[in-house]
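Structural features, examined
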Amino acid sequence: MRIVQLKAENFRRFERLSLPLSSRLNLFVGENAAGKTSLLEMLYCLNRARSFRGNVMSELAGPASRQWTVFGASEDHDGLPHTSGVQWNGDALDIRVDRSAVRSMELLRLCPTQILEPGMHRVVLEGPTYRRSFIDWGVFHVEHSFLPTWRRYRRALKQRNQLLRTRRSSNEVAAWEPELAESGEALHALRVRHLASIATAVNERIRSFLDEGEWTFDLNPGWKADVALREALAQHRARDQELGTTSAGPHRAELKIRADARSVRNRISRGQQKLLLAAMLLAQCDEIARSSGRAPIVLIDDFTAELAPRFQARLADALAGYAGQSFVTAFEPVPSLDAVATMFHVEHGKVRR
Ligand SMILES: Nc1ncnc2c1ncn2[C@@H]1O[C@H](COP(=O)(O)OP(=O)(O)OP(=O)(O)O)[C@@H](O)[C@H]1O
């Protein structure tokens, strides 16, 4: 899917916007507070029905009213036209695709979209939650059984945790373990398969960005790898009863990223972190495009930040060669994007070519 026209009303500082877009690479250039990130946020909301900057929908409304709207006219890979729209009416979201109301999950599937923004350093630096959700975005789009499996797992986990919290008997707690173990093992297997399918491509991308290091991506399942999850749950049961929560399972999985066999956390530079995340993101996007025929939309906020010109040029080359549509922001024109991007100037909540 490629968005050919973006419209918005009362979205942050954009009172009204109607913007024809390039179906390849779009560059939004402007000073601080011009509204560049808000444009990426519009695209993100349009395709994911939420924001990447906190998720308080009411904060996105500009001064005119409590409501905001984003609307997109797009073309699918067969060249057929579609429309989508997300509207916040002050209390709830109304999501439409081709004029019909849909749930957010349907919207998400339709037009996979992922962002690289400064806050995503957390994926490398902070706890495992960020790495899990980064990877799960790809698993969701590639493995169609992921969502029902994840829902099954969440339900069983919630039930077991509820029993643990209310100090119910071991037998009652154990009753949820077969379901938890079966869905949990299935979830882990889907993650492992997705990681294996992108491992080579991630390494190739990293090498083309950074020249150095042998990178590995190992998924610790969230329980001792040499036992079945059902066994691990039984082993942990007494301790879980003390803690009041389930301590083993794929909700505790940890993606270990290593360069030359050493953890990258607190060791690689900010620029390396950015390129590592770009490599992981683009490899996932390529895999989604290959398996679903839908090349995701890639958003990169503050393209030049933390990258010396020759590394900017490498990322620009990767975007120029990427099969899907992309949108990047920068303070000023980016020489390495000159020949490949359609540039828009953003100023005080207005955009011009
Ligand atoms: N709900 C809102 N209503 C009106 N204006 C808003 C709203 N939310 C944010 N703004 C304004 O939008 C501007 C920030 O926009 P945005 O973050 O898109 O800028 P930017 O061009 O990405 O800036 P930078 O390059 O400094 O990150 C600020 O001036 C802010 O006051």
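Residues numbered from 1 in each chain as written. Predicted model: local features only at pLDDT ≥ 70, side-chain atom pairs only at ≥ 80, totals over all residues. Heavy atoms only, no water.

Looking at an unreviewed UniProt entry, one finds the chain named DNA replication and repair protein RecF and attributed to Solimonas marina. According to UniProt, the comment filed for the chain under the heading Subcellular location (unreviewed entry) is "Cytoplasm". Per UniProt, the comment on the chain under Function (unreviewed entry) is "The RecF protein is involved in DNA metabolism; it is required for DNA replication and normal SOS inducibility. RecF binds preferentially to single-stranded, linear DNA. It also seems to bind ATP." (UniProt positions renumbered as here; feature names shortened; annotations may be inferred.)

The way to describe two aromatic rings as a pair is by their centre distance and the angle between their planes. Counted by the stated rule, this structure contains six aromatic pairs. Judged by centre distance (6.3 Å) and plane angle (5°), the rings of F146 and W150 are stacked. Of the two residues, F146 and W150 both sit in helix α5 (residues 146–165), four residues apart, roughly one turn of that helix. Their ring planes at 25° and their centres at 6.2 Å tell us that W150 and Y153 sit as a pair that is stacked. In this pair, W150 and Y153 both sit in helix α5, three residues apart, roughly one turn of the helix. The exposure class assigned to Y153 is buried, which follows from its relative accessible area of 0%. An aromatic cluster is present here, built from F28, F327 and F344 joined pairwise through their rings. Across from the ring centre of F140, 4.1 Å away, lies the NZ or CZ of R109, which sits over that ring. (Phe/Tyr/Trp six-rings, centres within 6.5 Å; stacked < 30°, edge-to-face > 60°. Helix = DSSP H or I, 4+ residues; strand = E, 2+ residues; numbered from the N terminus. Buried < 20%, exposed > 50% of the residue type's maximum accessible area, 1.4 Å probe, protein only. Lys NZ or Arg CZ within 6 Å of the ring centre and 35° of its normal.)

Now for the side chain of S247. With respect to the helices, strands and loops of the structure, S247 is situated in the loop between α8 (229–243) and β10 (254–259). A distance of 2.6 Å separates polar atoms of two side chains, one belonging to S247 and the other to D240. Apart from residues lying up to four places away in sequence, S247 is in contact with G222, H236, R239, D240 and R252. (Polar contact = N/O pair within 3.5 Å; in protein donor to acceptor, adjacent residues only side chain to side chain. Contact = heavy atoms within 4.5 Å.)

Our focus in this paragraph is the UniProt feature "binding site: ATP" (unreviewed entry) in the chain. Per the UniProt entry, the sites bearing "binding site: ATP" (unreviewed entry) are G30, E31, N32, A33, A34, G35, K36 and T37 in this numbering. By the element assignment, A34 lies in the loop between β3 (25–29) and α1 (36–48). In contact with A34, other than residues within four places in its own chain, are R13, V346, E347, H348 and G349. For G35, the contacting residues outside a window of four places in its chain are F14 and V346.

Further remarks concern the pairing of strand β8 (residues 113–116). Side-chain alternation along β8 places T113 and I115 on one buried face and Q114 and L116 on a second face that is also buried. Bridge analysis of β8 against strand β12 (residues 297–300) gives four bridges, and the strand direction is parallel. In the strand pairing of β12, L116 is matched with I300. (Pairing = 2+ DSSP bridges.)

Quick look at the site of the ligand now. Near the ligand there are 15 residues, and of these N32, A33, K36, T37 and S38 occur at the shortest range. In the environment of the ligand, an oxygen atom lies 2.7 Å from a nitrogen or oxygen atom belonging to the side chain of K36. Between the ligand and R53 there is a distance of 2.9 Å, counted from an oxygen atom to a side-chain nitrogen or oxygen. Taken together, the residues of the shell around the ligand sort by class into four nonpolar, five polar and six charged. (Near = heavy atom within 4 Å. Nonpolar A, V, L, I, M, F, W, Y, C, P; charged D, E, K, R; others polar.)

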